[in-house]
Number of protein chains: 2
Amino acid sequence: MKPTEPMPVRIKIASILRREILAGEFAPGEELSLTDLGARFGVSRTPVREALQALASEGLIQLRMNRGAIVQKIDDKFIMDHFEIRALLESEAAARATKHLEQLLPMAQLHRSMLERISTVEQEEFVAYNQTFHMSLWEAADSQRLTHFLMDLWNGSSIGKTTDGGEHRVKALREHEEILQCIFLKEPEKAREAMRKHLLRSMENILASYHNQ
Amino acid sequence: MKPTEPMPVRIKIASILRREILAGEFAPGEELSLTDLGARFGVSRTPVREALQALASEGLIQLRMNRGAIVQKIDDKFIMDHFEIRALLESEAAARATKHLEQLLPMAQLHRSMLERISTVEQEEFVAYNQTFHMSLWEAADSQRLTHFLMDLWNGSSIGKTTDGGEHRVKALREHEEILQCIFLKEPEKAREAMRKHLLRSMENILASYHNQ
DNA sequence: CCCCTAAAAATTGTATACAATCTTCCAAAA
DNA sequence: TTTTGGAAGATTGTATACAATTTTTAGGGG
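Everything numeric in this text was worked out from a predicted model, so none of it was measured.

Caption draft 1: Just the relation of the copies chain A and chain B, in detail. When chain A is fitted to chain B, the best match, at an RMSD of 0.0 Å, comes from turning it 180 degrees and sliding it 0.0 Å along the axis. The transformation relating the two chain copies, once decomposed into turn and shift, fits a two-fold axis.

Caption draft 2: Geometry of the sheet that holds strand E3 (residues 69-71) of chain A. Residue and element names in this part refer to chain A. The three strands lie next to each other as E1-E3-E2, forming an open sheet whose pairing is antiparallel. The outermost strands of the open sheet, each flanked by one partner alone, are strand E1 (31-32) and strand E2 (61-63). The sheet contact formed by E2 and E3 spans three bridges and is antiparallel. Bridging from a neighbouring strand, Leu 63 pairs with Ala 69 of E3.

Caption draft 3: Structural detail: the protein's contact with DNA strand D. Near DNA strand D, the surroundings consist of 16 residues, among which Val 9, Ser 44 and Arg 67 of chain A together with Arg 45 and Arg 49 of chain B are the closest. Atoms of DNA strand D within 4 Å of the protein belong to the sugar or the phosphate in 67% of instances, the rest to bases. Here a phosphate oxygen of DNA strand D and a backbone polar atom of Val 9 of chain A are 2.6 Å apart. With respect to DNA strand D, the side chain of Thr 46 of chain A contributes an N or O atom lying 3.0 Å from a base nitrogen. Within the residue set of the surface near DNA strand D, elements represented by two or more residues are helix H3 (45-57) of chain A together with helix H3 (45-57) of chain B. Of the residues that constitute the surface near DNA strand D, the class distribution is six nonpolar, six polar and four charged.

Caption draft 4: Looking closely at the protein's contact with DNA strand C. Close to DNA strand C lie 15 residues; Arg 45 and Arg 49 of chain A together with Val 9, Ser 44 and Arg 67 of chain B are nearest. At 2.7 Å, a backbone N or O of Val 9 of chain B approaches a phosphate oxygen of DNA strand C. One nitrogen or oxygen atom from the side chain of Thr 46 of chain B is found 3.0 Å from a base nitrogen belonging to DNA strand C. Secondary-structure elements contributing two or more residues to the surface near DNA strand C are H3 of chain A together with H3 of chain B.

Caption draft 5: Quick look at empty space enclosed by the protein. Evaluated as defined, the whole model comprises one cavity of 30 Å³ or more. Around the largest cavity, the lining residues are Glu 58, Leu 60, Asp 152, Leu 153 and Gly 156 of chain A together with Arg 145 and Phe 149 of chain B. Broken down by class, the residue content of the lining of the largest cavity amounts to three nonpolar, one polar and three charged.

Caption draft 6: Inspection of the domain arrangement of chain A at higher detail. All names here are of chain A. Split into domains, chain A comes out as domain 1 (9-71) and domain 2 (76-211). Placing a centre on the C-alpha atoms of domain 1 and another on those of domain 2 gives a separation of 29 Å. Summing the contributions of domain 1 and of domain 2, the shared interface buries around 510 Å²; its carbon and sulfur component is 60%. Contact with domain 2 buries surface across domain 1, with Arg 18, Leu 22 and Glu 58 losing the most and accounting together for 73% of the total. At the surface where domain 1 touches domain 2, the tally comes to zero salt bridges. Taken together, the connections running from domain 1 to domain 2 amount to zero residue pairs in polar contact (both at pLDDT 80 or more). When its residues are assigned to classes, the side of domain 1 that touches domain 2 shows two nonpolar, one polar and two charged.

Caption draft 7: Layout of the sheet that holds strand E1 (residues 31-32) of chain B. All names here are of chain B. Strand order across the open sheet formed by three strands is E1-E3-E2, with antiparallel pairing between neighbours. Of all strands in the sheet, those with a lone pairing partner are E1 and strand E2 (61-63), marking the two edges. In terms of strand pairing, E1 meets strand E3 (residues 69-71) through two bridges, oriented antiparallel. Bridged to Leu 32 within E3 is Ala 69.

Caption draft 8: Region of the structure containing the interface of chain A and chain B. Contacts between chain A and chain B engage 34 residues on the former and 34 residues on the latter. Both sides of the chain A and chain B interface together cover about 2,900 Å² of buried area, and 55% of this is carbon and sulfur. Inspection of the region where chain A meets chain B yields four salt bridges. The closest approach of N and O atoms between Asp 81 of chain A and Arg 96 of chain B, which form a salt bridge, is 3.2 Å. When residues of the side of chain A that touches chain B are traced back to their parent elements, those giving at least two are H3, helix H4 (76-97) and helix H7 (144-155) of chain A. Counted by class, the side of chain A that touches chain B contains 13 nonpolar, eight polar and 13 charged residues.

Caption draft 9: Structural view of the packing of helix H6 (residues 123-141) of chain A against helix H9 (residues 188-211) of chain A. Residue and element names in this part refer to chain A. Two numbers describe how H6 lies on H9: the axes approach to 14 Å, and their chain directions differ by 145 degrees. The element H6 and its partner H9 pack so that their crossing is left-handed. Contacts from Phe 133, His 134 and Leu 137 in H6 reach Met 195, His 198 and Leu 199 in H9.

Conventions adopted
- Counting of residues starts from 1 at the beginning of each chain's written sequence and follows it residue by residue.
- Note on labels: chains are lettered from A, ligands numbered from 1, in written order.
- Restriction of local features to residues with pLDDT of at least 70 applies here, the model being predicted, together with a cutoff of 80 or more for giving and counting side-chain atom pairs; totals for whole chains, interfaces and linings are based on all residues.
- Only heavy atoms go into the side-chain values, all of them from the structure, while hydrogens and water stay out.
- In this comparison the copies share one frame, found by least squares on the C-alpha atoms of residues holding pLDDT of at least 70 in both.
- At least two DSSP bridges between two strands are required for those strands to pair.
- Secondary structure is summarised from DSSP: a helix means a run of H or I of at least four residues, a strand means a run of E of at least two, and numbering begins at the N terminus for each.
- For this purpose, a residue is taken to be near a molecule or strand whenever a single non-hydrogen atom of the residue falls within 4 Å of it.
- In the analysis that follows, any N or O atom pair within 3.5 Å is treated as a polar contact, provided that within protein one partner can donate a hydrogen and the other can accept it, and provided that, for residues neighboring in sequence, both atoms belong to side chains.
- In this classification, Asp, Glu, Lys and Arg are treated as charged, Ala, Val, Leu, Ile, Met, Phe, Trp, Tyr, Cys and Pro as nonpolar, and every other residue, Gly included, as polar.
- The way it works is a 1 Å grid over only the protein atoms, where trapped points that fit a 1.4 Å probe form a cavity and open points with protein on both sides within 12 Å along at least five of seven lines form a pocket, and then any residue with an atom within 4 Å of a point lines it.
- Grid points are joined across faces, edges and corners, and a volume is the space filled by probe spheres set on the points.
- Each domain span listed reflects an automatic or database assignment of domains.
- Computed with a 1.4 Å rolling probe, the buried area is the accessible surface lost when two parts are put together, summed over both parts.
- We define a salt bridge as a side-chain nitrogen of Lys or Arg found within 4 Å of a carboxyl oxygen belonging to Asp or Glu.
- Pairs of residues are marked as contacts when any of their non-hydrogen atoms sit within 4.5 Å.
- Fitted lines through C-alpha atoms serve as axes, helices being fitted only where they are in contact, and the angles separating the N-to-C directions of these axes extend from 0 to 180 degrees.
- Left-handed describes a crossing whose near helix is turned anticlockwise from the far helix by less than a right angle; the clockwise case is right-handed.

The following block contains the structure:
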């Protein structure tokens with residue numbers, strides 16, 4: 001087993017800043033200084049600069065020529081727009097997945113295991129399962145391009161508190177079940193709609209936790 | 001008037017490499033060396049490196065830790081997947097635009113002017129109009145997030161030859177007309193479908209010119 | 001007191017230097 | 001002959017140095 005995964009510094013810094021921006025820890029429009037951030041993380045400006053460029057490409061900050069970066073305002077509208085886009089793309093993935101059922105079998109097995117043990121699984125395991133569920137569908141959609149954009153959107157979906165009560169997990173699991181049934185019955189449009197409902201309800205959950213911060 | 005627009009080197013290099021990759025001027029899987037590209041463009045590795053990271057975030061190349069970059073294979077499937085995503089998002093934009101008609105008036109005027117003069121406009125002017133048409137709809141959709149992703153997809157849509165005969169222009173103009181009518185009649189679902197048809201037909205055009213290279 | 005100008009300071013953009021990792025290649029052992 | 005180990009070379013990741021642009025600030029004129 002790998003002791004610790006080697007990760008470029010720019011990725012780590014981008015992850016930290018992404019989480020902080022989405023958590024609302026910066027004021028909208030606040031300026032991000034390369035020197036300050038470098039000092040904070042104990043690295044030079046180079047990887048910080050690269051991290052900021054990555055965040056700009058995700059739309060979380062704005063890069064202005066020779067004038068530094070300012071953080072985007074993350075409000076309800078931002079979150080709703082974000083999930084609308086994710087819903088459009090991930091619904092398409094669910095619809096397409098009906099054409100590649102065999103690829104879904106391992107995930108479906110994990111899903112059944114979850115159904116049985118849901119009351120006793122740790123939060124960490126559920127998060128991992130949830131990620132496997134969604135990403136397996138992306139893969140089954142058989143579109144590198146779709147997977148790529150959904151990965152981007154996934155990173156930006158970790159908004160607000162991560163510790164929601166077990167109630168959300170049960171609902172999510174039921175919705176996953178419905179999505180899978182539509183897919184295995186080869187009903188692309190029903191799968192699309194089920195995925196859309198699932199994501200928009202998750203969004204409501206996130207909006208609620210976002211307000212309670 | 002500005003004499004020459006100042007642009008970061010990384011943007012220029014990214015634009016050049018993007019066009020070349022989409023034009024198929026690199027073999028799929030070909031390795032891109034920072035040193036070589038720096039020498040080619042007469043700059044240091046730093047802006048080249050940043051350009052490659054931008055292209056990686058667009059999915060045009062793959063960055064491997066400590067092992068350089070390899071170019072993505074651009075084939076019919078890539079193009080079709082690309083336009084499917086663009087169709088999903090830009091259809092949504094068209095549907096949403098029905099809620100902000102006033103923002104569309106300047107573009108609609110330009111459109112009418114095009115209708116009248118189509119037989120005499122230069123290619124360059126039509127390209128500018130086409131960009132205005134699409135981006136005005138994005139703006140009218142009133143979703144920064146949607147605009148951001150569509151801008152990304154727009155950059156990646158310049159595949160193959162740019163000089164298609166005037167026939168395509170007439171067809172595109174007719175389709176634009178249909179889209180605008182649906183929007184101004186406040187029929188979001190019809191607008192969505194019209195935009196989808198427009199983009200998928202444009203895709204066919206691009207696929208054809210791509211094959212003839 | 002306000003506004004305009006210019007020099008100084010600070011910040012970003014690019015180039016270069018250094019460190020860490022990977023690849024290549026050759027020799028020695030099985 | 002094939003394989004393995006490791007040193008040399010090449011390439012990427014990060015740090016630092018330099019150049020260019022912007023922001024700040026101090027001072028003089030209105």
